[in-house]
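What follows is the residue order along each chain.
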Amino acid sequence: MSIWEYANPTRFMQTSGKLLPTVAVLSLLCLVIGLIWGFFFTPDDYRQGSTVKIIYLHVPSALMAINAWLMMLVTSLIWLIRRHHVSALAAKAAAPIGLTMTVIALITGAIWGQPMWGTYWAWDPRLTSFLILFLFYLGYMALWAAIENPDTAADLTSVLCLVGSVFALLSRYAVNFWNQGLHQGASLSLDKEENVADVFYLPLLVSIAGFVLLFLALVLLRTRTEIRIRRAGALVARERLS
């Protein structure tokens with residue numbers, strides 16, 4: 001069985017319909033367990049106090065904001081190379097979810113930053129690149145809405161996605177590129193010494209799993225909706241011609 005079989009809208013609808021309930025339930029379980037564990041059953045940090053617990057919202061949402069755009073990059077490339085409509089619709093479906101994750105990351109980062117830095121905002125490399133990523137999300141969605149022909153819209157938004165991927169990567173690695181700036185280093189790393197303490201680390205992993213599964217469930221749901229809208233539009237156009 002080839003993965004390209006799922007580019008067929010009918011096959012995608014059948015498979016996603018079976019997966020969606022399971023993914024939604026697992027995401028809910030991970031989110032409930034991770035957030036309750038993190039907010040109510042972990043100690044205050046010796047330097048940051050209870051403020052550190054916002055990590056269970058900030059880190060997962062920031063990770064998903066970046067990876068949502070990278071997922072859009074992959075599906076946009078598939079559209080440009082193989083012209084599979086499901087991939088273009090999946091990218092379109094992921095954009096509002098990625099935008100929401102970016103907003104959550106920016107807001108929670110500001111709340112976290114005020115007591116730590118004494119300000120809600122600073123033109124830090126990672127913060128600035130994240131703000132630009134937010135603007136790219138807005139531009140991507142606006143471009144889809146502005147162009148009537150869906151294939152032309154998919155082409156132009158795919159090109160925009162390629163350009164915006166630079167800032168998605170900068171958002172992820174800005175701390176490594178520039179030493180200056182207020183933002184701390186990565187909370188999760190292959191280097192164990194750079195990770196947060198285990199008491200915070202384990203519930204954080206559960207929260208991240210919940211956000212990943214939530215993103216997947218919402219993308220499946222919204223892609224199914226986009227396919228139905230496309231089918232309805234085709235039926236209306238056919239009736240007008242007849």
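Predicted model only: the values in this text are computed from it and were never measured.

Cut-offs and rules
For every chain, the first residue of the written sequence is number 1, and numbering continues from 1 along that sequence. With the structure being a predicted model, the display of local features is reserved for residues of pLDDT at least 70 and the display and counting of side-chain atom pairs for 80 or more, all residues being used for whole-chain, interface and lining totals. No hydrogens and no water enter the side-chain calculation; it runs on all heavy atoms of the structure. By the criteria applied, helices consist of DSSP H or I runs no shorter than four residues and strands consist of E runs no shorter than two, each listed in order from the N terminus. Summary of the burial criterion: residues with accessible area below 20% of their type's maximum are buried, those above 50% are exposed, and those between are partly exposed, where the area comes from a 1.4 Å probe applied to protein chains only. Any two residues whose heavy atoms approach within 4.5 Å are treated as being in contact. All accessible-area figures derive from a Shrake-Rupley calculation using a 1.4 Å probe, and residue coverage is judged against the displayed protein chains alone. UniProt positions are given in the numbering used here, feature names are shortened, and annotations may be inferred rather than shown by experiment. Among buried residues, those of type Ala, Val, Leu, Ile, Met, Phe, Trp, Tyr and Cys that are joined through side-chain atoms within 4.5 Å constitute a nonpolar core. Two aromatic rings, drawn from Phe, Tyr or Trp (for Trp, its six-membered ring), form a pair once their centres lie within 6.5 Å of each other, and the interplanar angle then sorts them: stacked below 30 degrees, edge-to-face above 60, tilted otherwise. Here a polar contact is recorded for every N or O atom pair within 3.5 Å, except that within protein the pair must consist of a potential hydrogen donor and a potential acceptor, and residues adjacent in sequence are included only if both atoms are side-chain atoms. In this description, a line fitted to the C-alpha atoms serves as the axis of each element, helices being fitted only across the stretch in contact, and the angle between N-to-C directions of two axes falls anywhere from 0 to 180 degrees. Working definition: roughly parallel below 35 degrees, roughly antiparallel above 145 degrees, roughly perpendicular at 65 to 115 degrees, and oblique for all remaining angles. By definition, any crossing whose near helix is turned counterclockwise from its far helix by less than a right angle is left-handed, and any crossing with a clockwise turn is right-handed. Polar here means any residue outside two lists: the nonpolar Ala, Val, Leu, Ile, Met, Phe, Trp, Tyr, Cys and Pro, and the charged Asp, Glu, Lys and Arg; Gly therefore counts as polar.

Observations regarding the overall build of the protein
Helix and strand counts for the protein stand at 6 helices and 0 strands. Shown N-terminal to C-terminal, the secondary structure of the protein runs as helices and strands in the order α-α-α-α-α-α. Residues counted as buried form 40% of the 242 residues belonging to the protein. The contacts in the protein between residues at least 6 apart in sequence include a share of 76% that link residues at least 24 apart. For the protein, the exposed surface amounts to about 13,000 Å²; the carbon and sulfur share of it is 68%.

Points about the UniProt feature "transmembrane region" (unreviewed entry) in the protein
Listed under "transmembrane region" (unreviewed entry) in the UniProt record, and renumbered for this structure, are residues 20-41, 61-81, 93-115, 127-147, 159-179 and 199-221. Note that residues 127-147 is 95% helix and 0% strand, and that its end C-alpha atoms are spaced 31 Å apart.

A closer look at the environment of Gln114
Looking at the secondary structure, you find Gln114 in helix H3 (residues 85-117). Given a relative accessible area of 30%, Gln114 falls into the partly exposed group. If sequence neighbours within four positions are ignored, Gln114 has contacts with Thr119 and Tyr120.

Points about the nonpolar core
Of all hydrophobic cores here, the largest spans 32 residues; its most connected members are Trp69, Met72, Tyr137, Tyr140 and Phe215. Put simply, the parts of the chain that give this core at least two residues each are helix H2 (55-82), H3, helix H4 (125-146), helix H5 (150-177) and helix H6 (198-241). Residue contributions to this core peak at 9 residues, all from H2. The residues contacting Trp69, other than those within four sequence positions of it, are Leu133, Phe136, Tyr137, Tyr140, Leu160, Cys161, Gly164, Ser165 and Ala168.

Quick word on the packing of aromatic side chains
Counted according to the given criterion, the structure contains 5 aromatic pairs. Taking the centre distance of 6.1 Å and the plane angle of 75° together, the rings of Trp69 and Phe136 count as edge-to-face. Of this pair, Trp69 sits in helix H2 while Phe136 sits in helix H4, and the two are 67 residues apart along the sequence. Both residues of the pair, Trp69 and Phe136, count as buried. With a centroid separation of 4.9 Å and an interplanar angle of 85°, the aromatic rings of Trp69 and Tyr137 are classed as edge-to-face. Separated by 68 residues along the polypeptide, Trp69 in helix H2 and Tyr137 in helix H4 bring together distant segments of the chain.

Describing the side chain of Ser27
Mapped onto the secondary structure, Ser27 falls in helix H1 (residues 9-40). By relative accessible area, Ser27 is classed as buried at 4%. A polar contact is formed between the side chain of Ser27 and the backbone oxygen of Ala24, at a distance of 2.7 Å. Leaving out residues up to four positions away in the same chain, Ser27 has contacts with Gly210, Leu213 and Leu214.

Considerations on the environment of Ala65
Position of Ala65 among the secondary structure elements: in helix H2. Through-space distance from the C-alpha of Ala65 to that of Ile104 is 9.0 Å; in sequence the pair is 39 residues apart. What Ala65 contacts, discounting residues up to four positions off in sequence, is Gly98, Met101, Thr102, Phe130, Leu133 and Tyr137.

A closer look at the packing of H2 against H4
Across the interface, H2 lies against H4 with an axial gap of 12 Å and an inter-helix angle of 45°. It follows from the interaxial angle that H2 and H4 lie oblique. In this structure, H2 meets H4 at a crossing whose hand is left-handed. Residue-level inspection shows Ala62, Ala65, Ile66, Ala68, Trp69 and Met72 of H2 in contact with H4, the latter providing Phe130, Leu133, Phe136, Tyr137 and Tyr140. Residue composition of the contact of H2 with H4, grouped by class: 11 nonpolar, no polar and no charged.

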